[in-house]
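Residue strings, one per chain:
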Amino acid sequence: MSNESLANLLKEERRFAPPAELAAHANVTAAAYEQGAADRLGFWAEQARRLSWETEPTQTLDWSNPPFAKWFADGKLNVAYNCVDRHVENGLGDRVAIHFEGEPGDSRSLTYAELQREVSKAAHALTELGVRAGDRVAIYLPMIPETVVAMLACARLGAPHSVVFGGFSADALATRINDADARVVITADGGYRRGKPSALKPAVDEALTRPGTENVRSVLVVRRTGQEDIAWHEGRDVWWHDIVDRQSETHTPEAFDAEHPLFILYTSGTTGKPKGILHTTGGYLTQVSYTHHAVFDLKPETDVYWCTADVGWVTGHSYIVYGPLANGATEVLYEGTPDTPHQGRWWEIVQKYGVTILYTAPTAIRACMKWGDDIPAKFDLSSLRVLGSVGEPINPEAWIWYRKHIGADSAPIVDTWWQTETGAMMLSPLPGVTATKPGSAQLPLPGISATVVDDDAHEVPDGAGGYLVLTEPWPSMLRTIWGDDQRYLDTYWSRFEGKYFAGDGAKKDEDGDIWLLGRVDDVMLVSGHNISTTEVESALVSHPKVAEAAVVGATDPQTTQAICAFVILRGSAAEDEGLVEELRAHVAQQLGPIAKPKRILPVAELPKTRSGKIMRRLLRDVAENRDLGDVSTLTDSSVMDLIQAKLPSAA
Ligand code: 6R9
């Protein structure tokens, strides 16, 4: 990237104060920022007391060998005990932990007491299969209660889990089993996706034929879809109901060191083999618990919380499993897609359970915008009081739509920036404190130190752009890349000395609030200006005819890169002659002539990763007439054929 800072193009003037009622009773007030700034370690030591420790830690942070952190190193605790048993001991056994909603419409609620029995039985079953503390267990399951039970059973035994998203192929699963050297795989016959059963077990069978997976001795199989023709490997495969159901319902948890590994989660990144991000116990649980309490203002007695992510992503780990359950929340777990059997399915679920806190991703919000305002309007969404967003920068127009059509123009939106590597939220407004700005994650949470720096690692002044960095260690930080300390150093700690490089472009506005501008690899260089893909996309989405946009820089002889935009039009908009000119003029008017796209191509779909992030790399290949790179992480690879087929009409 050149020395020129990211152009600070977008000017967003709208502000939304917290609702008075929420502010008056907020879990966290502005004092937390002062406390975190005055004594960061003292602040986190206090948050660690949210947990129940078998041995209380006396040490907060050991940073004697940076960047290898140890948090609460002399403390001991059991994560599953903290997420389940202690709530039962505190008299909350009858509280619902999970309202499960299957895609075909089956539903089932588990109380904390029931969850305790299920986790205990599963822990005994894993022990019978030979799982011991430190053994890795791969989990390849749909979004069903057994997935949460399996993760907690592993945590209870100190056996790090590696959850692999159920949409991944046999190859991706084999690579991950191999890298973590997993000993047991927990899977299901299948799950329900888009109205039909989708098999999982065959992918496990195939993965286990690949070299490097020989150490897997057992495959534990949950029966979900009941398909008849499932292949069975005697001696290796075991039905969940055969082994789990007959176990004792009581199990004594063992306490582990705070730095005992809790899980490995693979993140693909843009190049190279997937990185096994390693998270440990005490610091991770402290920060997911605190942030879930602070950012969602969770009142566990009355709130019904719903995070729509898949458990296969970090959002599912931290904000479906560990954060909410550590806090004794009641939450919804939904198996399927938002448009099955109809495009109002999510809103029907909000109405059915009286969901009060909803946490979802910009890609889903933009899909709902495209489907139309009339769909959510058919349901009673008045229970919602806090709305969260995560995964990508949220375009201001999508933010406004979310607030207006889902949040009754009153629920605060918390735009939470974080990563698999950070383990928990790092930047976000606080719903009872912050006057929110559409499209900005705004500021580091209490106890977190983050800023924006230029190429030479100097902090940029307000109004300027650069790179987001984290300047102090935080409790839920990754500890390393599994089996590859050098890659951990090279990837995150070598770009700016002593600072964690997140890989995201960002700017500070005139108030010092932070705006995320997309991955650094995606930033465009146009006639000597660094221009953010996010800002041009947001300008396009602010046009009434555009539902979604993806912008890339394509090599250009005159301007180094030329801005090339792919847009999805809103339902009623026609792809007529003047449209492209109209959109170019709109961007120029919103951001300035420098940001005017050279090409705009209306398309039916955009290439997305399975966690819903736009894959700009592939669009760059298209814009530069190259063969497509690796498409294996795409949700639907036929999308690229459709886009390429449209290409001759462009330019
Ligand atoms: C939690 C999660 C991490 C990357 C991150 C950034 C993008 C996530 C964001 C956001 C802008 C937000 N990202 N939240 N960008 N605003 N609120 O998504 O983890 O899958 O590891 O992705 O996602 O680019 O670096 P992960």
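Keep in mind the model is a prediction, meaning the values are calculated, not measured.

Undergrad: What is the right way to read the sheet that holds strand S12 (residues 237-239) from this model?
TA: One key point about sheets: their strands pair by backbone hydrogen bonds, in either a parallel or an antiparallel sense. Reading across the sheet, the eight strands line up as S12-S11-S8-S6-S7-S14-S15-S23 and stay open at both edges, with mixed pairing between neighbours. Since the sheet does not close on itself, it has two edges, and those belong to S12 and strand S23 (480-481), each with one partner. Pairing of strand S7 (residues 161-163) with strand S14 (residues 261-267) involves two bridges; the strand directions are parallel. Counted as the bridge partner of Ser 162 is Ile 264 from S14. In the packing of helix H11 (residues 314-326) onto the sheet, the strands contacted are S7 and S14, and the crossing angle to S14 comes to about 145°.

Undergrad: Explain the nonpolar core to me, please; I cannot follow it from the model alone.
TA: Nonpolar side chains tend to gather and get buried jointly when the protein is soluble and globular. Leu 115, Leu 152, Ile 186 and Tyr 322 are the most contacted members of the largest nonpolar core, which totals 135 residues. Ile 186 has contacts with Leu 126, Val 137, Ala 138, Ile 139, Tyr 140, Leu 141, Ala 150, Leu 220 and Trp 240, leaving out every residue within four places of it along the chain. If you look at the next biggest cluster of nonpolar residues, it comprises 30 residues, including Val 332, Leu 381, Leu 387 and Ile 413.

Undergrad: Is there a simple way to think about the UniProt feature "binding site: ATP" (unreviewed entry) in the protein in this case?
TA: As annotated in UniProt, the feature "binding site: ATP" (unreviewed entry) corresponds to Gly 391, Glu 392, Pro 393, Asp 415, Thr 416, Trp 417, Trp 418, Gln 419, Thr 420, Asp 504 and Arg 519 in the numbering used here. Here Gly 391 shows up in the loop between strand S19 (386-389) and helix H15 (396-406). For Gly 391, a relative accessible area of 35% translates into the label partly exposed. By the secondary structure assignment, Pro 393 is in the loop between S19 and H15.

Undergrad: Looking at this structure, I do not really get the pairing of strand S18 (residues 357-360). What am I missing?
TA: On a regular strand, each side chain points to the face opposite its neighbour's, so the side chains alternate between the two faces of the sheet. Because side chains alternate across S18, one face comprises the buried residues Ile 357 and Tyr 359, and the other comprises Leu 358 and Thr 360, equally buried. Taken together, the four bridges between S18 and S19 define a ladder with parallel strand orientation. Looking at S19, one finds that Leu 358 is bridged to Leu 387.

Undergrad: Would you take a moment to explain the packing of aromatic side chains for this structure?
TA: Any two aromatic rings considered together are summarised by their centre-to-centre distance and by the angle between their planes. A full pass over the atoms with the stated rule returns 31 aromatic pairs. Where Trp 71 meets Phe 72, the ring centres are 5.8 Å apart and the plane angle is 55°; that geometry is what we call tilted. For the residue pair Trp 71 and Phe 72, the accessibility class agrees, reading buried in each case. An angle of 55° between the planes, with centres 6.2 Å apart, marks the rings of Tyr 488 and Tyr 492 as tilted. Of the two residues, Tyr 488 and Tyr 492 are both situated in helix H16 (residues 485-492); the distance of four residues between them amounts to about one turn of the helix. Residue Tyr 488 is classed as buried on the basis of its relative accessible area, which comes to 0%. Residue Tyr 492 is classed as buried on the basis of its relative accessible area, which comes to 3%. Following the ring pairs from residue to residue traces out a cluster consisting of Trp 63, Phe 68, Trp 474, Tyr 488, Tyr 492, Trp 493 and Tyr 500. The positively charged end of Arg 176 is found above the aromatic ring belonging to Phe 168, 4.8 Å away from the centroid.

Undergrad: Would you explain the site of the ligand in this entry?
TA: What surrounds the ligand is a group of 16 residues, the closest being Asp 415, Thr 416, Thr 420, Asp 504 and Arg 519. At 2.8 Å, a backbone N or O of Thr 416 approaches a nitrogen atom of the ligand. In this structure, Lys 613 approaches the ligand through a side-chain N or O atom, which is 2.9 Å from an oxygen atom. In isolation the ligand exposes 530 Å². Once the protein is present, 90% of that is buried. At the level of elements, H11 and strand S25 (514-519) are the ones that each hand at least two residues to the shell around the ligand. Each residue belonging to the shell around the ligand can be placed in one class, and the counts come to six nonpolar, five polar and five charged.

Undergrad: Help me understand the packing of helix H2 (residues 31-38) against helix H3 (residues 40-48), please; the structure alone is not making it clear to me.
TA: A pair of packed helices can be characterised by two numbers: the angle between their axes and the separation between those axes. As a packed pair, H2 and H3 sit with axes 5 Å apart at the nearest point and diverge in direction by 120°. As judged from the angle between their axes, H2 and H3 are oblique. The residues of H3 that touch H2, namely those facing Ala 32, Gln 35, Gly 36 and Ala 38, are Arg 40, Phe 43 and Glu 46. Looking at the contact of H2 with H3 residue by residue, the classes come out as three nonpolar, two polar and two charged.

Rules used in this analysis
Residues numbered from 1 in each chain as written. Predicted model: local features only at pLDDT ≥ 70, side-chain atom pairs only at ≥ 80, totals over all residues. Heavy atoms only, no water. Pairing = 2+ DSSP bridges. Helix = DSSP H or I, 4+ residues; strand = E, 2+ residues; numbered from the N terminus. Contact = heavy atoms within 4.5 Å. Axes fitted to C-alpha atoms, helices over the stretch in contact; angles between N-to-C directions. Core = buried A, V, L, I, M, F, W, Y, C linked by side-chain atoms within 4.5 Å. Buried < 20%, exposed > 50% of the residue type's maximum accessible area, 1.4 Å probe, protein only. UniProt positions renumbered as here; feature names shortened; annotations may be inferred. Phe/Tyr/Trp six-rings, centres within 6.5 Å; stacked < 30°, edge-to-face > 60°. Lys NZ or Arg CZ within 6 Å of the ring centre and 35° of its normal. Near = heavy atom within 4 Å. Polar contact = N/O pair within 3.5 Å; in protein donor to acceptor, adjacent residues only side chain to side chain. Areas by Shrake-Rupley, 256 points an atom, 1.4 Å probe, with all protein chains shown as cover. Nonpolar A, V, L, I, M, F, W, Y, C, P; charged D, E, K, R; others polar. Parallel < 35°, antiparallel > 145°, perpendicular 65-115°, else oblique.

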